[in-house]
Amino acid sequence: MKNKSIPASLVLLMSLHIATAQQVVKILDLKDCINIALEKSTAVLKGNNNIALAGSQVLAAYGQYLPNLVAGGGYNYDKGNNFYSSAGPELAYVNRSQYNYQLTSSLNLFTGYYNYSTWKASKLNKEMADLTLERAKQQILLDITQSYLQVILDKKIVALDSANLNTSLKREDQLTMLTEVGRKPGTDLYQQQAQTSNDKLVLINAVSRLQNDKIILMQKLRIDSTENYELAEIPVDDGQSAAIYGNRDALVNQALQDRVDYKSALLNTQFADWNIKKLRSGYMPSVNMSLGVYNNGAWFNALGVNGVTENTTGQEAIPTQLYKYTYGLGAINASWNLFDRYYTKSNVAAARINADNARIDLQDTRINIVASIKQAYNDYTNAVQQMETVGKGLFAARKAYEAVNGQYKEGATDFITESNAQLVLLQAEQNKIQASINMMLQKKILDYYVGAIR
């Protein structure tokens, strides 16, 4: 008897995903993949930057309540002739150095609630940035979980197709021997060879699909090499959880309570309202208080009046002048823009439109949440029904194959019946695995739409 085995080319293709088993490879589980994605994701990196930016805006808004403090100083050098005529015509020659300094502070006493509205709006913007980042992380978690489960499904399908091909190869070996001794007709052998060829093709496609889905997952993780990484098997949670997912209305209520994007949309309406109040401050007066300390000092290097040199000795030192002759100034100023050429009016009108749009967005978000929960709930219910159906189908297909295989070995049935029973069993096994993975995924999708995915 001529032993047949899987061709070397097919073995090579099947083993592409474990070709580096003799090398040092890193095993990644689902949690590892999620952590890598959260660390490298562009959305997360930008989200963290947006939070930092929003935090700086809150600090800037709070700072408008504090007085500022400005220090300044200067130096001037004068040299030349000046003509003075207030007390008679005099021509003065001056050569001097001048020094000055000032220290000023101002405080906004009333800005028509502009500063207060800006501060409230900036705090809401910071909260929205936090919520947006949280939703982005939830999206990444679902996306990576879905891709990871797809690779796990592909690996299980490859294992089933490989086992199915081995079964066909063994039967082909047996038929070759039985045909040679005349116990089986040659048509059975030809049919089996055709079936074996088809099983090889199915396995080739399954292996290729596994490699492509693994590449897609690694691309999402921003990992270049797929050969240096393997994915760990995970327990498939395919049990139904009626206590958690059995009540659609309860899921909708939970989503409207927990979904961070809905919270963000709600905060956005408040943010828009505070922007209206901020811009309406243009109709109101503003009041500010200012305080300042000033001083000037000069040192005459030379002084002449109408050609007569004046005595410059006995001048006080510059530090003494800057200390002794300091004066202060305090003021309270009020201003009211009575007509600003409709600038405030147009800004308020635009802000009200933005506020109306924010409420429309909030309503759309609510509608989308309710619709997505209902759809995900229907998919979950369908997954539960699929699990019940494929379980019964797998049990029946396995029993049928065992019975037909035994009859075929005894010559009580033909090859077509045997081949069909094998194909039905393979399909039932694949359906069971797909239903199990789908069941786990549908629960994750429901968690995502509810806002409870972890």
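Refer to the structure presented above.
No experiment lies behind these values; they were computed from the predicted model shown.

**Q** Explain helix 10 (residues 343-409) to me, please; I cannot follow it from the model alone.
**A** The α-helix winds at 3.6 residues per turn, so residues separated by three or four positions along the chain end up facing the same way. The end-to-end C-alpha distance of helix 10, which contains 67 residues, comes to 93 Å, matching closely the 99 Å that a straight helix rising 1.5 Å per residue would cover. In the stretch just after helix 10, G411 is the one whose phi turns positive, near 80°.

**Q** Mind showing me how you'd approach the packing of helix 10 against helix 11 (residues 415-450) here?
**A** The description of two packed helices rests on the angle between their axes and on the distance between the axes. Between helix 10 and helix 11, the shortest axis-to-axis distance is 7 Å and the interhelical angle comes to 160°. Here helix 10 lies roughly antiparallel to helix 11, going by the angle between them. Here the hand of the crossing between helix 10 and helix 11 comes out left-handed. When grouped by side-chain class, the residues that make up the contact of helix 10 with helix 11 number 24 nonpolar, 10 polar and 6 charged.

**Q** Even after reading the chapter, I still don't get the packing of aromatic side chains, so can you show me in this structure?
**A** The description of two aromatic rings rests on the distance between their centres and on the angle between their planes. Taken as a whole and judged by the stated rule, the model has 10 aromatic pairs. Taking the centre distance of 5.2 Å and the plane angle of 50° together, the rings of Y75 and Y99 count as tilted. Of this pair, Y75 sits in strand 2 (residues 70-84) while Y99 sits in strand 3 (residues 90-110), and the two are 24 residues apart along the sequence. We classify Y75 as partly exposed; its relative accessible area is 46%. Y99 gets classed as partly exposed once you look at its relative accessible area, which sits at 31%. Pairing Y116 with W119 gives two aromatic rings, centres 6.1 Å apart and planes at 50°, and the pair type is tilted. With Y116 and W119 both in helix 4 (residues 114-180) and 3 residues apart, the pair spans about one turn of that helix. Under the relative-accessibility criterion, Y116 is labelled partly exposed at 36%. Ring pairs connect the aromatic residues Y65, Y116, W119 and W274, which therefore count as one cluster.

**Q** Looking at this model, I keep getting lost on helix 2 (residues 30-40). Mind explaining?
**A** Those residues of helix 2 lying buried are L30, C33, I34, I36 and A37. Looking down the long axis of helix 2, one finds its buried residues gathered within 160° of arc, a one-sided arrangement. Among the exposed residues of helix 2, those oriented more than 90 degrees off its buried face are K31 and E39. Residue D29 occupies the N-cap position of helix 2, its side-chain oxygen lying 3.2 Å from the main-chain nitrogen of K31.

**Q** I keep staring at a nonpolar patch on the surface and nothing clicks. Help me out?
**A** Residues L59, Y62, Y65, L66, Y113, Y116, Y283 and M284 make up a contiguous nonpolar surface patch of roughly 840 Å² in combined accessible area. Its place among the elements puts M284 in the loop between helix 8 (260-280) and strand 5 (286-305).

**Q** Can you help me understand the nonpolar core in this one?
**A** Nonpolar side chains in soluble globular proteins tend to be buried together. In terms of nonpolar packing, the biggest core is built from 66 residues, with L28, I144, Y148, L221 and L231 touching the most fellow members. At the level of elements, helix 2, helix 3 (42-63), helix 4, helix 5 (186-220), helix 7 (248-258), helix 8, helix 10 and helix 11 are the ones that each hand at least two residues to this core. Per-element tally for this core: the top contributor is helix 4, with 16 residues.

**Q** What is the right way to look at the environment of D32 in this model?
**A** Among the secondary structure elements, D32 is positioned in helix 2. Residue D32 is classed as partly exposed on the basis of its relative accessible area of 28%. Here the alpha-carbon distance between D32 and V260, two residues 228 residues apart in the chain, equals 24 Å.

**Q** Looking at this model, I keep getting lost on the pattern of salt bridges. Mind explaining?
**A** For side chains of opposite charge, pairing can occur when their charged atoms come near one another. On inspection of all chains with the given rule, the structure shows 13 salt bridges. Its salt-bridge partner being R359, residue D273 comes within 2.7 Å of it at the nearest N-O pair. In this pair, D273 is assigned in helix 8 and R359 in helix 10, connecting sequence segments 86 residues apart. With a relative accessible area of 26%, D273 lands in the partly exposed category.

**Q** Help me out: how do you make sense of unusual backbone geometry in this one?
**A** Of all residues except glycine, most have a negative phi; of all peptide bonds, most are trans. Backbone geometry places Y113, a non-glycine residue, at a positive phi of 70°. Secondary-structure assignment places Y113 in the loop between strand 3 and helix 4. A positive phi angle is found at R222, which is not glycine, with a value near 60°. Structurally, R222 is set in the loop between helix 5 and strand 4 (229-231).

**Q** Explain the pairing of strand 5 to me, please; I cannot follow it from the model alone.
**A** The side chains of a regular strand alternate between the sheet's two faces. Sheet topology places strand 3 next to strand 5; 18 bridges connect them, and they run antiparallel. Pairing of Y101 across the sheet is with N295, part of strand 5. Here 9 bridges tie strand 5 to strand 7 (residues 327-335), and the two strands are oriented antiparallel to one another. Residue Y294 lies in a different strand from strand 7, and its bridge partner there is Y327. Inspection of the sheet shows strand 5 paired to strand 6 (residues 308-309) by 2 bridges, in the antiparallel sense. If you follow V305 over to strand 6, its bridge partner there is V308. Where strand 5 folds back onto strand 6 in an antiparallel hairpin, the turn is made up of 2 residues, including N306, whose phi is positive at roughly 50°.

So, how was this worked out
- Residues numbered from 1 in each chain as written.
- Predicted model: local features only at pLDDT ≥ 70, side-chain atom pairs only at ≥ 80, totals over all residues.
- Heavy atoms only, no water.
- Helix = DSSP H or I, 4+ residues; strand = E, 2+ residues; numbered from the N terminus.
- Expected span 1.5 Å × (residues − 1).
- Axes fitted to C-alpha atoms, helices over the stretch in contact; angles between N-to-C directions.
- Parallel < 35°, antiparallel > 145°, perpendicular 65-115°, else oblique.
- Left-handed = near helix turned anticlockwise from the far one by under 90°.
- Nonpolar A, V, L, I, M, F, W, Y, C, P; charged D, E, K, R; others polar.
- Phe/Tyr/Trp six-rings, centres within 6.5 Å; stacked < 30°, edge-to-face > 60°.
- Buried < 20%, exposed > 50% of the residue type's maximum accessible area, 1.4 Å probe, protein only.
- Arc of directions from axis to C-beta.
- Polar contact = N/O pair within 3.5 Å; in protein donor to acceptor, adjacent residues only side chain to side chain.
- Patch = residues over 30% accessible without salt bridge, like charges linked within 9 Å, V, L, I, M, F, W, Y side chains within 5 Å.
- Areas by Shrake-Rupley, 256 points an atom, 1.4 Å probe, with all protein chains shown as cover.
- Salt bridge = Lys/Arg side-chain N within 4 Å of Asp/Glu carboxyl O.
- Core = buried A, V, L, I, M, F, W, Y, C linked by side-chain atoms within 4.5 Å.
- Pairing = 2+ DSSP bridges.

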